[in-house]
Structure formats: structure tokens, C-alpha cells
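Chains, contacts and geometry: an overview
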Amino acid sequence: MLDKTYRPAEVEAKHYAHWEKSGDFAAHTDSNAAPYTIMMPPPNVTGSLHMGHALNSTIQDILTRYHRMRGRDALWQPGMDHAGIATQMVVERQLGTQGIHRRDLGRAAFIEKVWEWKAESGGTITQQLRRLGTTPDWPRERFTMDDGLSRAVRKVFVDLHKKGLIYRDKRLVNWDPKLHTAISDLEVEQKEIKGHLWHFKYPVEGEEGIAIVVATTRPETMLGDTGVAVHPEDERYTHLVGKHVILPLVGRRIPIVADAYADPETGSGAVKMTPAHDFNDFEVGRRQNLEIVNIFDADAHLNDNVPEPYRGLDRYEARKRVVADLEAQGLVEKIEDHVHTVPHGDRSGVAIEPWLTDQWYVDAATLAKPAIEAVEDGRIVFVPKQWENTYFEWMRNIQPWCVSRQIWWGHQIPAWYGPDGKIFVELDEAAAQAAADSHYGEAVALSRDEDVLDTWFSSALWPFSTLGWPDQTPELARYYPGDVLVTGFDIIFFWVARMIMMGLHFMDEVPFRTVYIHALVRDERGQKMSKSKGNIIDPLMLIDKYGCDALRFTLTALMAQGRDIKLSESRVEGYRNFVTKLWNAARYCEMNGAALDDTFDPTACKLTVNRWIIGKVVEAGAQVEESLAAYRFNDAATALYQFTWNIFCDWYLEFTKPILTGTDEAAKAETRATTAWVLGRLLHYLHPIVPFVTEELWEQLGDAKRGPLITAAWPSFDAACIDKPASVEMDWVIRLITEVRAVRSELNVPPKARLPLLVREAGPGVAERLDTHRDLLTRLARLDSIQKIDGAAVSGAVPIVLDDTTAVLPLADVIDIAQEHARLQREVDKASGEIDKIDKKLANQSFLAKAPETVVEEQRERRDDYTQLRNKFAAALERLAG
């Protein structure tokens, strides 16, 4: 017998342990079933479960469970990313508490410490993912630094280098002056800063008293200026193009060049060019052949390329000194307060510096061409489709990919330098030594490049390196390419695009056929979650409080394509109630003798109500299949919610109570068997979304020999189970009861009042339906009678129109109609007034310009709510008017 209360914590621990121990998550390379592959986006080894992980992993688990039940050989490939910078910082902080710096240990000893940390503390997130009920093939778990993946990384690097697709170059990078490494754009956080805009005068050479005014938020960089750009069509400056200005404080002659980058509408229209310290200036400098002068060292202190008084100064101290010196020379035209965004390292917290340095680069433009074609010709499809535009925009404007990082934890670049600086790129040191000895004609000493590869480099190989490449393994032959990649929009370029490029280049095949881009999980007001806002919702806390299934169903139900999720604890609590409803319904079924019967034939039922519910559950299953095939997860959840709560619990179980307590033994037996069969189907349909409660109910209500639900077959669709006449008949009964209940609710009819239903006009077969279902109608609509009347008007009655049937409910004896009319009119007027207020606010351009988007969206939602209220009361008024 089922317990009265569902206890999720006990159930979740029990079933997950059994599933994992039984190998229920495993893919089978020797299976004859069609494979289905999802590659888990590898979480950072330093990570812990956040709501983005919960959403992403729930989607993947739903798909994996669903296709496993459909008979596919499902591989959900798990693994973790070594997270170079993040992991190194964790271990460095740990060592710092002991007064140890990594350089005190040396590289080899420090890396050994990192491996020790991983063994003791890394991988917390994989245990947390188990709490979420995820079912990846855990024994196949890979790590981006394990031996196999490291071998794949070295081979890719060497092969690309030999083809000229990896090279060393001096370019600008995002330099973190605290961590002393280049970082990717994804590791850059834009912070809004209240600063200033300084306007400086640069004297034009040979033009007494003439100066060009330039503006900057970073005065210290002017010491590295090597040009001034103006727009070619800006008539104010055309006569100066080709001339020079004298750079103040430095005395350097720098040219005035014409370049379309300069915007005549911004400031003076003239732009100072610092090619060594600004990404846009760097490109202009290349086009215009400007000198590149690097004025910073690795700490963002000024170096020897600036005049002696500024050497060694911190960049912010240099800023003050430069401004003071220019003011002393009368070359500061004005200073304005200015709010602007400044890029900061997301881990170090310091402003990053565009810095000119030697790094390793991938020729991304060449690799991008076939990757663009793969999406253009449909070999890869993005869902939602609009994300293809984002992909194309990035890929068609792709820049060289900087893949070197100046840290120790990661894949050390397989490059060695000879005595004269010549580079030898080989798979290992022995091969590099052999190549060097051959080149020089004698044995020489080599030094290895100290840099490591960008974490995204190894992640780009994930779809095939995890399957054993470069070895031609059975797993690689069977599970590549994958079926779908599930990820967020923020890493379309950093990860998705690079996997496509690498997959096409090394496997000659796309790495996956579909890319499902999910939205962000925001707080209930639509704001992005962050520690600073204090609005982070911890998924583990929600699981502890409401159960895993409640969280999973909430995320699934809110997962509309292209729309961010507004999550609140109250929503999770609401879907916890859904899980409870399912549990209580199953308990009711058990108490009333409903038990699974393998001999039950759903097409042989005689009772209309049973034929109807069988068709409804089959239709719900078809809706789930259609929705999951289109990645409309919210539609699948909605179909299951509506069937479970409304059709099965609120209607079918209510309809059949008299049968189960009646004396017709044949009807009771058929209804019990039908109830059990429908509940069994429902548990199958719900299992991919809410696996724990469904598994527990299946175990408690079923027969042990049937096996667990996780390995059960998905029910096949059988059109013969859908009885259209039964569906039409019972749906008509439901609509009539619903209409009567709506009238009672809208017009404040006392709950205990029993009303007569007077049928004035009845369509074909209606009289028979009314007679057949009279007991249901009177019980569930709280009627005292159902009568057929002639066409005469009934005073104080409210009409009900259902298809070609018209009936009335006499209300004059139970409510004050005039008073009710006045109340409803007041409600309509009140809602209309609120709508008018909101419309005025939304029409106010000042409000729209100042208010955050979340506030504007809240106003629109309030307008929708009031509109629904107004329509509801207006409809009730219309009913009352007859």
C-alpha cells in the first residue's frame, strides 16, 4: 500500500543508487539498436551546480531517457573540463594560505598539487548532477586532461601546425595584468564605470596655433599614439590628411590618416590611434601602416617606450601624471563626466589590458568556411532557428583564435625552441629533438614553450576525443556524429562553432545534427541571477525542499523556445503540488482495486467513459512525442499536466466513483483495469521529466517481473484506442458541467444552492446524452434537475449555449441580479481604469527610456492580467444580460 505522503528524499536516494548500480544508464556498443548520442557540455572541475546546469542537464536527461525508452542505444557522454585558469587559481589560493607561491614549487610540483586537489575536491558537480536525477553513462566519464584526450590535443595541434593552420604571431590579446595571461572574450566581464572623457589638443606640425582635438577615457595610452584618424569624407579635415601632429609629452611626429573607422558625428570626428592597446586601433593601424608602440609591461606598468618621467608607473598613476602635465601645457580642452563600460577579468577582477604580445593562433577563418556551409546546407540545424543568424554573424567575421595561455595548468603546447629561436612542433620531445638535430646537423639543447592551450581548444575536440580518437574505436564508429547538442547561447561561438570546425576538419563529418539553444534562467522579475544582486536560486536547496521532480517539471514547463525562464520558488512549490496530485491519484487507484492486468485489451471496453479516457491518454502520449521531436519541452509538460490534473484526476476519477462503488461487477472490473492501464501509460509518459515519483509508483503498483520503468519500452501509439464518438460525448459532458460551474462562480451563486437546468433547444442526440449522464451532471454541476422546456422566456435566467443546444439557469431566486450587475460593472470599470493607467505609462517615452526592461515587461504583464480580468467580468455581464 502506498504511503499517505510522498517522501522525495528517500525515494530519490533509493532509486538513483539502484539505477546506477544496475547499469541502467549504459550505452552498448554491440547493440543492434540505432544509436542516440548526446555529448554533455563538460562542467568545470571547480564548478558546483547552478540553475543553468540544472536546466541544461534536465533537457539532456529528458531526451536521453525518452530515446532510451524508445529503443535507441542511448549514449549520454559525461565528462569534466580541466578549467585552466579557474583551477589554477583555486590551488594557488590554497597554497597561499600556507605561504607558498607556485613558483616556489616549480612547474612539475605545482601540477602535481593540482592533480592532488582534483582527486580530493574536484568533481563535486558530478555528484550534484546525480541529485538532479541525470543518467549519463558515468563509467565512460572523461576529463580533458586525461591521457587519451591529451594525446588527441597534441595530435590536433601538430597536424594543424603542419598545415599552416596554427602559427605564432604578434597581435593584441585580452591581457590580465594580475593573472599574467591572455584570456578569452568569455572570461571578460564588462563593468560600468563612472569615469571621465578627456579632450586633448594635438598641435598640427607646421600649422601655428592649429590643433586637432581628440577625446579619450584613457589618457595614459596617448603616450603610445602613432596616428590620428579622420573620416575620408569629413570636410573639416580633408586638407590635413597626410600631414602630421606632434604628440604632446613625447614629441613624436604621427600622421593624420583618412579611415572610415572615424565617425564624423562622434566628438570632434578625430580619433587618436593607439594600435598596441586598442583592438579597433590595431586594425586601423594595420590598414594604415601605423607604427605599433607597446607602452605597458605584463603588470600594466609603463615600460621604457615612454618618456623617462613616466617609466615604471602604474597605469592609473600614469593617467593622473599625463593629465596634470597636459593641463600644465594648456593642451586639455575640457574634461567631462562619462559613464562607460570597462572590460575586467571575470576571475581576477582587474581591468584587462589590450596588449601586444607573441601568442599562438589558429587560422579560424579557413576552418570556418566548411563550418558555415554545414549550417547553410542544413547538415546542422539550430533550434530555435534564429540562432543560426548569430552563428553566421560571428563566423563570417571571425578573427584569428588565440589559443595560448600563460599559466601552468593545462595542455602544454607541444613546441620546442632551438638555440636560434627556430620552432619545432612535434607530438613529443623525442620527435622534436630528432627534428632539431636533423635541422642543425648536430645535437642541440631545446627549450619547451611554457604556455598551455586555451581550455576551449581541448573542449573543441570533445565530440570525438571522448570516443577514443585518434584511435579508430568502436565507440567512435558508432556514436559519432551525435544527434543533438544542448547548450546556452553564450557559447555558440566559443564552443559550438569550434566543435563544428574541428569535427569537420578531423572527422570529415559534422559533430552533431541539431543544436538546441536553451534560454537563461532568471529570477521571478526577469533579472539575471548574480551574487551581487543576491537573487541566486540554489537548485540543490529547491531539491531538498520540494524534491527533484518538482524542480525538473518546473524547468520543463517554463522552457518555451526563445523565451527566458522567470523562476520563483513559488512555481517550484506549485509543481510539487502536481507531483503530490499524481501520488494521491495513484493511491486512490490502488485503494479502489486498480491493478495492472497484462491481459487487458483497451479496445474491448464497453463503457463510454473508459473508451474516452483510453483515447485521451493515447492522444496525450502522441502530443508528448510530437513536442519532444520539435524540442518544445514546455508543450510536452503542458500536455501531461493537463491530462494528469484535469482529465484524469478532475474528470475521469470523479466520473467513475459511482461505478467503483456500485453493484455492476463487470463495469467495476472494466473500470479498475482501465484505470490501472491509463495510470501505467501516464507513468511512462511522465518518466523522462519526473523520473523518481514515476519509478516509485511503478514499483509499488506494478509487478516486479515487469522491471524498472527506466528500462521500460515507450508505449506505442495505437489509433484503434481512440474512440471518436466516445470522445465527443464525454467532452460535451465536461463542457456543459464547466459552463454551469463558470456561471455559478462568475455570478456568485452560493455553493450549496442547487439549480434547475432548463433545456430550451437540444441538438441531435442531446436528449440521450442528458439522460445517460444525468447523475453525473446533477452531481458535478450541483443541479437539482434537468428539464426540457418550450421556447418561452424565463425571467431572471442566464443562458448557456453549447454547440446547437441552448439551456438556461434560473437565478432570480438565489442572487440579487441587479446587485450582481452593478458589482460586475464596477469590476469592469476598475480593470479598465488600471489598463488605462498602464497604457499611459507605456506610451511615456521618458518612462521607457529610463525604466529597466524588466520593469517595462512587468507593466506589460500587468496589463495582460487586467485585460483578462476585464474580459472575464465583461463576459459575466453579457451572460447576465441574457
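See above for the structure.
A brief structural summary.

So, how was this worked out
Residues numbered from 1 in each chain as written. Predicted model: local features only at pLDDT ≥ 70, side-chain atom pairs only at ≥ 80, totals over all residues. Heavy atoms only, no water. Salt bridge = Lys/Arg side-chain N within 4 Å of Asp/Glu carboxyl O. Helix = DSSP H or I, 4+ residues; strand = E, 2+ residues; numbered from the N terminus. Buried < 20%, exposed > 50% of the residue type's maximum accessible area, 1.4 Å probe, protein only. Axes fitted to C-alpha atoms, helices over the stretch in contact; angles between N-to-C directions. Parallel < 35°, antiparallel > 145°, perpendicular 65-115°, else oblique. Contact = heavy atoms within 4.5 Å. Nonpolar A, V, L, I, M, F, W, Y, C, P; charged D, E, K, R; others polar. Expected span 1.5 Å × (residues − 1). Core = buried A, V, L, I, M, F, W, Y, C linked by side-chain atoms within 4.5 Å. 1 Å grid on protein atoms, 1.4 Å probe; cavity = no way out; pocket = protein on both sides within 12 Å on 5 of 7 lines; lining within 4 Å. Points joined across faces, edges and corners; volume = space filled by probe spheres on them. Pairing = 2+ DSSP bridges. Polar contact = N/O pair within 3.5 Å; in protein donor to acceptor, adjacent residues only side chain to side chain.

1. Regarding the pattern of salt bridges
If you walk through the whole model with that rule in mind, you get 58 salt bridges. Between Asp358 and Lys170 there is a salt bridge, with the nearest N and O atoms lying 3.4 Å from each other. With Asp358 in strand S14 (residues 353-362) and Lys170 in strand S5 (residues 166-176), this pair connects stretches of sequence that are 188 residues apart. Asp358 sits in the partly exposed class, given a relative accessible area of 35%. Exposure remark for Lys170: the relative accessible area of 41% places this residue in the partly exposed category. Across the pair Lys566 and Glu861 runs a salt bridge whose closest N-O atoms are separated by 2.6 Å. Highlighted residues: Lys566 in strand S25 (residues 565-566) and Glu861 in helix H30 (residues 853-881), separated in sequence by 295 residues.

2. Some words on the packing of helix H20 (residues 608-629) against helix H23 (residues 665-686)
In helix packing, the relevant descriptors are the interaxial angle and the interaxial distance, both defined with respect to the helix axes. Two numbers describe how H20 lies on H23: the axes approach to 10 Å, and their chain directions differ by 5 degrees. Regarding the angle of H20 to H23, the classification is roughly parallel. Contact residues: Asn610, Ile613, Ile614, Val617, Val618 and Gly621 in H20; Glu670, Thr671, Thr674, Trp677, Val678, Arg681, Leu682 and Tyr685 in H23. For the contact of H20 with H23, a count of residues per class yields 8 nonpolar, 4 polar and 2 charged.

3. What about helix H7 (residues 147-162)?
The end-to-end C-alpha separation of H7 is 23 Å, in line with the 22 Å expected for 16 residues at 1.5 Å each. Listing the buried residues of H7 in full gives Leu149, Ser150, Ala152, Val153, Val156, Phe157, Val158 and Leu160. Directly beyond the C-terminal end of H7, a positive phi value near 75 degrees is found at Gly164.

4. With respect to the nonpolar core
Residues Trp612, Phe648 and Phe655 are the most contacted members of the largest nonpolar core, which totals 146 residues. Formed by 64 residues, the second largest nonpolar core is a distinct cluster that contains Leu149, Leu367, Trp462 and Tyr479.

5. With respect to empty space enclosed by the protein
Rolling a probe over the atoms, with the probe sized like a water molecule, indicates the empty space that remains. Counted by the stated rule, this structure contains 4 cavities of 30 Å³ or more. Taken as a whole, the largest cavity holds about 80 Å³ of empty space. Among the secondary structure elements, those contributing two or more residues to the lining of the largest cavity are helix H19 (569-591), H23 and helix H24 (691-701). A class-by-class count of the residues in the lining of the largest cavity yields 11 nonpolar, 2 polar and 1 charged. Taken as a whole, the second largest cavity encloses approximately 60 Å³ of empty space. Forming the boundary of the second largest cavity are Trp732, Leu736, Leu757, Val759, Val766, Leu770, Ile800, Leu802, Thr805, Thr806 and Ala807. Listing elements by their share of the lining of the second largest cavity, those giving two or more residues are helix H25 (724-746), strand S26 (755-761), helix H26 (766-772), strand S28 (797-802) and strand S29 (805-810). In terms of residues, the lining of the second largest cavity owes the most to one element, S29, which gives 3 residues. Residues belonging to the lining of the second largest cavity are distributed by class as follows: 9 nonpolar, 2 polar and no charged.

6. Thoughts on the sheet that holds strand S27 (residues 783-788)
Ordered in space as S27-S26-S29-S28, the 4 strands form an open sheet in which the pairing is mixed. Pairing within the sheet leaves two strands with one partner each, and these edge strands are S27 and S28. Between one strand axis and the next, the sheet turns through 25 degrees on average, direction left out of account. In the sheet, S26 pairs with S29 via 3 bridges, with the strands oriented antiparallel. Directly across from Val759, in S29, lies its bridge partner Ala807. Packing against the sheet, H25 makes contact with S26, S27, S28 and S29, and its axis sits at approximately 155 degrees to S28.

7. Things to note about helix H28 (residues 817-843)
Relative to the 39 Å expected for 27 residues at 1.5 Å per residue, H28 spans 39 Å between its end C-alpha atoms, a close match to the ideal helical length. Those residues of H28 that sit buried are Glu820, Arg823, Leu824, Val828, Ala831, Ser832, Glu834, Ile835, Ile838 and Leu842. Close packing links the buried residues of H28 with H25, helix H29 (845-850) and H30. In this structure Asp816 caps H28, since a side-chain oxygen of it lies 3.2 Å from the backbone nitrogen of Ala818.

8. Here we look at the layout of surface pockets
In this structure, the second largest pocket spans a volume of roughly 1,200 Å³. Considering the residues around the second largest pocket, the lining is formed by 45 residues, among which Thr216, Thr217, Arg218, Asp278 and His340 are closest to the centre. Every element with two or more residues in the lining of the second largest pocket is listed here: strand S7 (188-203), strand S8 (211-216), strand S12 (270-273), helix H8 (279-288), helix H9 (315-328), strand S13 (332-345) and S14. Among the elements that line the lining of the second largest pocket, the one with the most residues is S13, at 8 residues. In the lining of the second largest pocket, the residues fall into 17 nonpolar, 18 polar and 10 charged.

9. Focus on the pairing of S28
Examined bridge by bridge, S28 and S29 share 6 bridges and lie antiparallel to one another. What sits directly across from Ala797, in S29, is Pro810. The antiparallel pairing of S28 with S29 creates a hairpin that spans 2 residues between the two strands, and Asp803 there sits at a positive phi of about 55 degrees.

10. Looking at the sheet that holds strand S18 (residues 415-417)
Spatially, the 3 strands line up as an open sheet ordered S19-S18-S20, and their pairing is antiparallel. Of all the strands in the sheet, just strand S19 (423-425) and strand S20 (447-448) have a single pairing partner and so form its edges. Examined bridge by bridge, S18 and S19 share 3 bridges and lie antiparallel to one another. Bridge pairing in S19 links Trp416 to Phe424. Packed on one face of the sheet, helix H12 (residues 429-440) meets S18 and S19 and runs near 140 degrees to S19.

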